[in-house]
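These are the residues of each chain, in order.
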Amino acid sequence: MSILRIIAAGATAAALAGSAFAAGGGAHPHGPAEGFPFESPLGKFEKDSVQRGYQVYKEVCASCHGMKLLSYRNLGEKGGPFYDPEYPNANDNPLVKALAAENEILDPVPNEFGEYDFRPARPSDPFRSPYANDAMAATANGGAIPPDLSVITKARHGGANYLYSLMTGYPSQEAISYETSPEGEFLTVIDPSLVRSSGIYAEGAGGHGDVGRLIQPLGQYYNPYMPGDTTAQYEGDPRHPPKGGFLAMPPQLTDGRVTYLDGTEATVSQMAYDVAQFLAWAGEPKQQNRKSLGLATIAYLVFFALLLWFSYKRIWRKVEH
Amino acid sequence: MSGHESTYKPASGFTRWLDDRLPIVRLAHDSFVDFPTPKNLNYWYTFGGILAVCLAIQIITGVVLAMHYTPTVDEGFASVERIMRDVPYGWLLRYVHANGASFFFLAVYIHMFRGLYYGSYKAPREVLWLLGCIIFFLMIATAFLGYMLPWGQMSYHGANVITGLIGALPIIGEPIQTWLMGGPSIGNATLQRFFSLHYLLPFMIAGVVILHIWALHVPGNNNPTGVEVKEVKKDTVPFHPYYTVKDGFAIVVFLIVFAIFVFYMPTVLGHADNYIEANPLVTPAHIVPEWYLLPFYAILRAITFDIGPIDAKLLGVIAMFASIAVLFMVPWLDTSKVKSMRYRPVAKQFFFGFVACSLLLGWCGAVNPDDPVIPLGEDKLLVSYTDANGFVATAEFDAYEEAVAEVESLPADSGASISVQKAPAFRFVHLAQILTVYYFAYFLVILPLLGLREKPKNEPESIHKSVLGGHKSSDAALAPAE
């Protein structure tokens, strides 16, 4: 019987581990070397980094990606990057007002003549959408609609680590060569053995594939962390196509792409770190409340369980059972 | 037990007056205070109380969530996120409700395995077991309907798969499918009726739970020995305070584990794709149900062959429904006179095999059925080309360089190409097929035959005798020869 019990226990572990198998496609994402501060059970967001991340979003991502579930007021609410205890109502916060006013939106309420005007956004307005509708977004991006980023860290396996890997993971120039095919087509060829993440952490890491040629489709960009299938584009052993896939977004972050207001050096990995942290906050602004309430709740339950345990021992002390 | 005499004595004038008109306090007193309960119930028996708490949590959080949720395809997804962001403690309500479903199923599975192990379905408790099976079936339906409501990618495509299955039934399938979806495809009408039914079914569950408790209180609890209560004084203790405190302790421990998930890993049991708004035009790479339905999903996908005129898809649907239906027949399939598997050394082995089988089926449901469990050999490269006589020829290679050399040596008009020849392997679909056979064999072959052939160990004379000297020694005396 004990053997079967062990098998049953092993099967439990295997079944639980099995859920990990369901994921797949891209290379396993890895975060920054020290990890993100908010990942641990008691970890908090780094306010400065979330503020810088908002700047990266505003100056880089927002030209294509909307965040329709967020409003400007969220930035100044408790736990938000621009929260100021002097203004418990974020709509009164002058900094939030100013941040909102940097964006011009189409007023959802018609004016006295029944027409819709453009006006600077107010804290109560949702984040400005870069496109009026999906068709316009697709047309502007070669048919691919840039995903909304409101809950992107919850919508991807690996969360913030995945975003960090993706933003820093595009092949560097040494892996890319250009040639013209016999038919006269212009080809972008990637050598998977030379693909390394441009982030600080992965510099020492090895390549993501064998020696071979990966032909990048026109208007698409290879990234080893993007879930997908590269077999059709790979000239090499078809049993081992390089991990990853193609996406319509070209590499966005280059050193100094933004000039941080707080003087932090804007390296690729710094920007990726900041924007990933900003998006992790945006995906779940109440994360810190959740963790602190959890601590109190569990402490209470453990105390309650102890009380019940001793009551149980006392009540049953005379009963043989 | 219904046979025991009521010990309720109304203390005040009002309760005496009420007791003559509606003896509801007497009912509660006899059911939950002075109810004689076997004194040897172990912690596996606390899951009934835990399940009652789960149902209450789901109904309370669900009712409040329904105040804020908008069941339309345009606003469903955003309204769930609005609950998480703008409703005070909305994130807590929603995470408790979503993880509560998982914990509800975790508890119900333990409760069911406990019933199977201790023979709690046998006379005189068949109706009790049947009502439990109905509750389980309603729970599956409720969970499936509820998973649709966040209107994410898995919600939409999962619902598409399941309603499609019902459409596979002959003749009645399509009309039922259309009726379920409220139209030719999944859309706003589907979401609204799913929401309505998701709100209705938990109250039906609550109704059946009342019957379940009633059916429990007529014969009284089973117990780990499977021997019925003989002398109430010696064999039982009153439910309160003995079991209120023991169940209470177990419930709080269960809640601690639950809280760890709700507060520190609230999304780990879900699927990332469900945070992408539903899009009928984009199908996720892997459509998988929530973890608690994976074993049934594995049985569905294990049937990959036709039998006579019935095609594989329909057979899969039949097998999946049969895997739940067979639970209803368990009281009449098990022929053993002995209830508890403590005294059935052979049946016990098969039981733990069944537990392992169920868990492994869950694993099979989570992965791609074509993935190898045990690879038998290496993948090879296959060069196919047209030879000089115009026939299609192939050549096999291990090394990529050799295959390339072969292609280059062939004339340009031979149309040579390299493809992958998958190595034979023992795949998850094969594992799932074996496990499915075991799943059904356990109920349909092993339980009926074993009961007739197995020689059980001696049961104790009474509950009272079995607990004398502590259950350690009684277990030791019963240690099976291995």
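Residues numbered from 1 in each chain as written. Chains lettered and ligands numbered in written order. Predicted model: local features only at pLDDT ≥ 70, side-chain atom pairs only at ≥ 80, totals over all residues. Heavy atoms only, no water.

Examining the overall build of chain B
Counting secondary structure elements, chain B contains 19 helices and 7 strands. In terms of principal-axis extent, the alpha carbons of chain B reach across some 105 × 60 × 45 Å. Every one of the 482 residues in chain B was classed for burial, and the buried ones make up 53%. Within chain B, contacts between residues at least 6 apart in sequence are counted, and of these 78% link residues at least 24 apart. With the model as given, the accessible surface of chain B reaches about 22,600 Å², and the carbon-plus-sulfur share is 67%. When the 31 positive and 38 negative side-chain charges of chain B are each reduced to one mean point, those points stand 19 Å apart. (Helix = DSSP H or I, 4+ residues; strand = E, 2+ residues; numbered from the N terminus. Buried < 20%, exposed > 50% of the residue type's maximum accessible area, 1.4 Å probe, protein only. Contact = heavy atoms within 4.5 Å. Areas by Shrake-Rupley, 256 points an atom, 1.4 Å probe, with all protein chains shown as cover. Lys, Arg positive; Asp, Glu negative; His and termini not counted. Charge placed at Lys NZ, Arg CZ, Asp CG, Glu CD.)

Section: the overall build of chain A
Tallying secondary structure elements over chain A gives 9 helices and 8 strands in all. Residues counted as buried form 45% of the 321 residues belonging to chain A. The contacts of chain A with a sequence gap of at least 6 include a subset with a gap of at least 24, amounting to 59%. When the accessible surface of chain A is totalled, it reaches about 16,400 Å², and 58% of it is carbon and sulfur.

Section: the pairing of strand β4 (residues 380-386) of chain B
Residue and element names in this part refer to chain B. Counting buried residues in β4 gives 5 out of 7 residues, a clear majority hidden from the surface. As paired strands, β4 and strand β6 (residues 417-421) are joined by 5 bridges and run antiparallel to one another. Residue pairing in the sheet places Ser384 in a bridge with Ser417 of β6. Between β4 and strand β5 (residues 392-397), which pair antiparallel in sequence order, lie 5 residues; one of them, Gly390, sits at a positive phi of approximately 85°. (Pairing = 2+ DSSP bridges.)

Considering the packing of helix α13 (residues 312-328) of chain B against helix α17 (residues 428-453) of chain B
All names here are of chain B. Running from N to C, α13 and α17 point in directions that differ by 35°, and their axes come no closer than 11 Å. Seen from above, α13 lies across α17 with left-handed handedness. Facing α13, whose interface residues are Ala319, Ala322, Ser323, Val326 and Leu327, α17 presents Tyr439, Phe440, Phe443 and Leu444. Here the residues of the contact of α13 with α17 are counted per class, giving 8 nonpolar, 1 polar and no charged. (Axes fitted to C-alpha atoms, helices over the stretch in contact; angles between N-to-C directions. Left-handed = near helix turned anticlockwise from the far one by under 90°. Nonpolar A, V, L, I, M, F, W, Y, C, P; charged D, E, K, R; others polar.)

Comments concerning helix α15 (residues 345-366) of chain B
The terminal C-alpha atoms of α15(B) lie 33 Å apart, and with 22 residues this matches the ideal 32 Å at 1.5 Å per residue to within 8%. Of all the 22 residues making up α15(B), 18 are buried; the element is thus mostly covered by neighbouring parts of the structure. (Expected span 1.5 Å × (residues − 1).)

A word on the domain arrangement of chain B
According to the domain assignment, chain B contains domain 1 (1-29), domain 2 (35-373 + 429-467) and domain 3 (380-421). Here the C-alpha centre of domain 3 of chain B lies 53 Å away from the C-alpha centre of domain 2 of chain B. (Domains from an automatic or database assignment.)

Some points on the interface of chain A and chain B
Taken together, the contact between chain A and chain B spans 59 residues of the former and 60 residues of the latter. Together, the buried faces of chain A and chain B total about 5,100 Å²; carbon and sulfur atoms form 70% of this surface. Inspection of the region where chain A meets chain B yields 3 salt bridges. Between Lys154(A) and Glu81(B) there is a salt bridge whose closest N-O contact spans 3.2 Å. Counting every contact that joins chain A to chain B gives 14 residue pairs in polar contact (both at pLDDT 80 or more). Those elements that provide at least two residues to the side of chain A that touches chain B are α1 (2-21), α3 (72-75), α6 (152-155), α8 (268-283) and α9 (287-315) of chain A. For the side of chain A that touches chain B, the residue count by class is 32 nonpolar, 14 polar and 13 charged. (Buried area = accessible area lost by both parts, 1.4 Å probe. Salt bridge = Lys/Arg side-chain N within 4 Å of Asp/Glu carboxyl O. Polar contact = N/O pair within 3.5 Å; in protein donor to acceptor, adjacent residues only side chain to side chain.)

Structural notes on the confidence of the model for chain B
Confidence in the prediction of chain B, expressed as mean pLDDT, is 93, and 96% of residues score 70 or more. For this predicted complex, the interface score ipTM comes out at 0.90, while the overall pTM is 0.91. (pLDDT = per-residue confidence, 0-100.)

Quick word on the domain arrangement of chain A
All names here are of chain A. Here the domain parsing of chain A yields domain 1 (27-70 + 127-169 + 251-313) and domain 2 (171-250). Put simply, the middle of domain 1 and the middle of domain 2, counted by C-alpha atoms, are 27 Å apart. Between domain 1 and domain 2, the contact holds 20 residues from the first and 20 residues from the second. Taken together, the two surfaces of domain 1 and domain 2 that pack against each other cover about 1,600 Å², and 64% of this comes from carbon and sulfur. The largest share of the area that domain 1 buries against domain 2 comes from Ala27, Leu166 and Gly169, three residues that together contribute 35% of it. The tally of links between domain 1 and domain 2 comes to 4 residue pairs in polar contact (both at pLDDT 80 or more). Mapped onto the side of domain 1 that touches domain 2, the elements with two or more residues apiece are α7 (159-168) and α8. Ranked by residues supplied to the side of domain 1 that touches domain 2, first place goes to α7 with 6 residues. Split by residue class, the side of domain 1 that touches domain 2 holds 10 nonpolar, 10 polar and no charged.

Focus on the pairing of β5(B)
The two faces of the sheet receive side chains in turn, since in a regular strand these alternate between them. All names here are of chain B. The alternating pattern of β5 places Ala393, Ala395 and Phe397 on a buried face and Val392, Thr394 and Glu396 on a face that is not buried. Pairing of β4 with β5 involves 6 bridges; the strand directions are antiparallel. Within the sheet, the bridge partner assigned to Tyr385 lies in β5 and is Ala393.

Here we look at empty space enclosed by the protein
Residue and element names in this part refer to chain B. Taken as a whole, this structure holds 3 cavities of 30 Å³ or more when the rule is applied. Estimated volume of the largest cavity: approximately 70 Å³. Around the largest cavity, the lining residues are Ile50, Val53, Cys54, Ile57, Gln58, Gly100, Phe103, Ile251, Phe254, Leu255 and Phe258. Of all elements in the fold, only α3 (47-68), α5 (90-117) and α11 (239-264) reach the threshold of two or more residues within the lining of the largest cavity. Per element, the largest residue contribution to the lining of the largest cavity is 5 residues, and it comes from α3. Among the residues making up the lining of the largest cavity, the classes are represented as 9 nonpolar, 2 polar and no charged. Counted as a void, the second largest cavity has a volume near 50 Å³. Around the second largest cavity sit Ala298, Arg301, Ala302, Cys364, Pro369, Phe428, Val429 and Ala432, which together line it. Those elements giving two or more residues to the lining of the second largest cavity turn out to be α12 (294-302) and α17. Grouping the amino acids of the lining of the second largest cavity by side-chain chemistry returns 7 nonpolar, no polar and 1 charged. (1 Å grid on protein atoms, 1.4 Å probe; cavity = no way out; pocket = protein on both sides within 12 Å on 5 of 7 lines; lining within 4 Å. Points joined across faces, edges and corners; volume = space filled by probe spheres on them.)

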